[in-house]
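An overview of the molecular structure
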Amino acid sequence: MLRQAFAINKVPLPWAKAFGAGFCSAFPILIGYWFGYIQYGFIISLGGLAFLYTFNEPYVLRAKKIIFVVLGLSFSAGLGTVLSANPILSAVAVGIIGAAAAFFFGAYQFAGPSALFFVLVFLINANTDTDPSLAIVHAALVFCGGILSLCYAMAGWFFSPLRVETAAVKEEYQQLALLMESADSSSFMESRQKTWWTIKKTEAILSSGYARWMESEEYWRLALLHKQAKLIYSEIVEYSNENKERFSFKAFESIRLIASAIDASPRETAKHMPLQDEENSTGLKKQIQQAYEYVSRNFSADEPFLKIPKPSFKTIFLGSFNKNSMVFFSALRFGIVLTIAALAANFFNELTSYWIPLTCAAVMSGATILSTFNRAIQRTFGTIVGILIAVAILSQKPEGLLIVAVIFLLMLLAELAIVLNYAVASVFVTPIALILAESTSTFGNISYFTSARLTDVIIGSAIGLIGTLLVGRRHASSLLPRLMAKTIRSQQRFISALFSIHSKKTTGEEMIEQRKMNTNLTNLRLVFSTAQGELSSNRNALETLQHVFFALEQLSFLLAKAADDKNRLPLSDAHLGQLLLVFEMMANTAEKNWHFSELPVPHIPRYKDIEREINDLQHAFKISSIFAIN
């Protein structure tokens, strides 16, 4: 664990983002200095923290997320100022703010530091001697800094509005070519899983990157190419299952040529025409040719605009806001433990300390128990060094342009270090937080103020760790069997809606059941990844369950394809009953630890791939040790 906590990741440094973070944090202070209101400049720079929530994501998603963050930071600043004279209400409020931010970031799967900077902004404003009547002023100033971050983060949209989406679709086709190359090798299944996760990632990017004001021929082209990639994937898997032989060189080279053409200029696109191939599947050849037509912009004039479907705000919210949701549980735990840390801060320090709850929030930001332990170790050691740096800086009483330069440099270094190791990043984040807090408080004794921080860090880390261990340390593992059974039964109902002679296709029943299935799969994915990070989980059981989860994903994909086929044939009551029995047996195996034996799967006309995937799912259940999770 110590080796993992201090391991340096070998990744490219994000120089552009680091410069942007430094600029958005330091520029407001510079403006405040020029106009003689440097204190206001410090408050505005808190809004600049919104830029830290930018990642390599579609600009549509980035705009929505940063607007949400800016409003949240502004509200946190205003509420913190209002409650600055009431530590008890302040402790409760910081817990609510932390829980709400953690819930929304978890439910909508936003990348970023989650609730951490909401908590920081609230605590800094709650620990000032400012008149509570200035709450609106503080909120407005933070909002101005947030708008600066939004403008800076969206500047690239004017030059390449679909840069991320284009790169994702290109990676998708490159991975398809690798999948074809591995068709007759022992690594085919591993490559198939990697290709599927790439397809899912691309779909999420295109879905989050859609907005009515972003409708364009370029987005249309990328959406059609993604749709075609899924069809090519199906053809590759089907051909490999039927023939068990290698694809020709021309086949996967054609896919690579299409990948190269995706971001090529129109003049260069003609050079990437797929190679003619008569050796492999006619269906695959047809799908590759169609992909080339899309990449060369030969659209049908009467073809409707294609957008990637995504669940509504209501669907996501209700799917996460229930007692069986890992997101809801984690957010509730985060809020409760953070409130306890904030209350404890009033007893461990004669000054109203913000560092205990802030450290607790940073520690609990780890997605799993293992990452929480790592965060505690990294935060403690990083902060010790950071405090020494902060003491050296604050002892010189920096003012004016010097403090602007210090903030810029520290923030730049922090963003460069965060991708390498959180402990290294804490070395630079700590003096930033101390400088901002000192600038908005009346604490004159810098030595005492900084020497108390080490004790605060230890206390905050301990509270975060104890809270994580005592409150649901195996919650994800305990949820896994029940949620897996729920997912299987949602597929069972979807199959019934698709193939029953009694289902009424005009009622939208299929669409409702498909949405429920997708929601359950999303929740299962989160619970599964969380369970993998729990200390007492059965590693072997989780490893074998990976194959079950992949089979569930593949089956959902095939059922969604069948739902688009208006010519599918219904099953007889006897065959449908046998099929539903297969799913009920698997659900009972997951939920009740029943002994599982594979059952015969009835013939499904025109959907041999669904038959095969159900058999694969049964086989995965048979070899898995799901009962060992409990």
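Summarised in this report is the structure supplied together with it.

What counts and how
Residues numbered from 1 in each chain as written. Predicted model: local features only at pLDDT ≥ 70, side-chain atom pairs only at ≥ 80, totals over all residues. Heavy atoms only, no water. Helix = DSSP H or I, 4+ residues; strand = E, 2+ residues; numbered from the N terminus. Buried < 20%, exposed > 50% of the residue type's maximum accessible area, 1.4 Å probe, protein only. Areas by Shrake-Rupley, 256 points an atom, 1.4 Å probe, with all protein chains shown as cover. Patch = residues over 30% accessible without salt bridge, like charges linked within 9 Å, V, L, I, M, F, W, Y side chains within 5 Å. Salt bridge = Lys/Arg side-chain N within 4 Å of Asp/Glu carboxyl O. Contact = heavy atoms within 4.5 Å. Expected span 1.5 Å × (residues − 1). Bend = angle between axes of the 7 residues up to and from the residue. Core = buried A, V, L, I, M, F, W, Y, C linked by side-chain atoms within 4.5 Å. Phe/Tyr/Trp six-rings, centres within 6.5 Å; stacked < 30°, edge-to-face > 60°. Lys NZ or Arg CZ within 6 Å of the ring centre and 35° of its normal. Axes fitted to C-alpha atoms, helices over the stretch in contact; angles between N-to-C directions. Parallel < 35°, antiparallel > 145°, perpendicular 65-115°, else oblique. Left-handed = near helix turned anticlockwise from the far one by under 90°. Disulfide = S-S within 2.5 Å.

Overview of the overall build of the chain
Looking only at helices and strands, the chain has 25 helices and zero strands in total. Looking at the chain as a whole, 55% of its 630 residues are labelled buried. For the chain, the accessible surface area stands at approximately 27600 Å², while carbon and sulfur atoms represent 63% of it.

Some points on a nonpolar patch on the surface
A surface patch of nonpolar side chains, about 870 Å² in accessible area, is lined by Tyr33, Trp34, Phe35, Tyr37, Tyr40, Leu134, Val137 and Leu401. On the secondary structure map, Leu401 appears in helix α18 (residues 400–418).

Observations regarding unusual backbone geometry
The backbone of Ser114 shows a phi angle near 55 degrees, a positive value even though the residue is not glycine. Residue placement: Ser114 occurs in the loop between α5 (87–107) and α6 (116–126). The residue Arg606 is not glycine, and still its phi comes out positive at about 75 degrees. Relative to the helices and strands, Arg606 is located in the loop between α24 (573–592) and α25 (608–623).

Details of the side chain of Ser207
Position of Ser207 among the secondary structure elements: in helix α9 (residues 188–208). Residues within four places of Ser207 in sequence aside, it is in contact with Tyr219, Ile308, Pro309 and Lys310.

Some words on helix α21 (residues 475–499)
The terminal C-alpha atoms of α21, which comprises 25 residues, lie 36 Å apart, in line with the 36 Å expected from a rise of 1.5 Å per residue. Of all bends in α21, the biggest is about 30 degrees, found at Pro481. Among the 25 residues that make up α21, 20 are buried, leaving the element largely enclosed by the rest of the structure.

Digging into the pattern of salt bridges
Once their charged atoms are close, side chains differing in charge can pair, the charge on each being opposite to the other. Taken as a whole, this structure holds 16 salt bridges when the rule is applied. The salt bridge involving Glu181 is made with Arg256; its shortest N-O contact spans 2.3 Å. Residue Glu181 is located in helix α8 (residues 163–181), and its partner Arg256 is located in helix α11 (residues 249–262); the two are separated by 75 residues in the primary sequence. On the accessibility criterion, Arg256 (27% relative accessible area) is partly exposed. A salt bridge links Glu553 to Lys200; the shortest N-O distance between them is 4.0 Å. Separated by 353 residues along the polypeptide, Glu553 in helix α23 (residues 539–563) and Lys200 in helix α9 bring together distant segments of the chain.

Things to note about the nonpolar core
Of all hydrophobic cores here, the largest spans 90 residues; its most connected members are Leu49, Leu73, Phe118, Phe122, Leu358, Ile435 and Ile463. In terms of residue count, α6 provides more of this core than any other element does, ten residues in total. Not counting residues within four places of it along the chain, the set of residues in contact with Leu49 comprises Leu73, Phe117, Leu120, Val121 and Met411.

Here's the deal with the packing of aromatic side chains
Scanning the entire structure with this criterion turns up 31 aromatic pairs. Cluster of aromatic residues (ring-pair linked, three or more members): Tyr53, Phe68, Phe103, Phe104, Phe105, Tyr108, Phe110, Phe117, Phe118, Phe317, Phe321 and Phe328. It is Lys17 that lies over the ring of Phe55; its NZ or CZ is 3.7 Å from the centre.

A word on the packing of helix α2 (residues 15–34) against α18
The N-to-C vectors of α2 and α18 enclose an angle of 160 degrees; their axes lie 8 Å apart at closest approach. In this view, α2 runs roughly antiparallel relative to α18, as classed from their interaxial angle. Our pair here, α2 against α18, has a crossing hand that is right-handed. Note on element contacts: α18 touches α2 through Gly400, Leu401, Ile403, Val404, Ile407, Phe408, Met411, Leu412, Glu415 and Leu416, opposite Trp15, Lys17, Ala18, Phe19, Ala21, Gly22, Phe23, Ser25, Ala26, Ile29, Leu30 and Tyr33.

Remarks on the state of the cysteines
All told, the structure shown has zero disulfides when counted by the stated rule. Here Cys24 stays unpaired: no disulfide links it, and the sulfur of Cys151, its closest cysteine neighbor, is 9.3 Å away.

Some details on the environment of Glu598
With respect to the helices and strands, Glu598 occurs in the loop between α24 and α25. Given a relative accessible area of 35%, Glu598 falls into the partly exposed group. Along the chain, Glu598 and Val582 lie 16 residues apart, while their C-alpha atoms are 8.0 Å from each other. Not counting the four nearest positions on each side in its chain, Glu598 is found in contact with Asn615, Gln618, His619 and Lys622.

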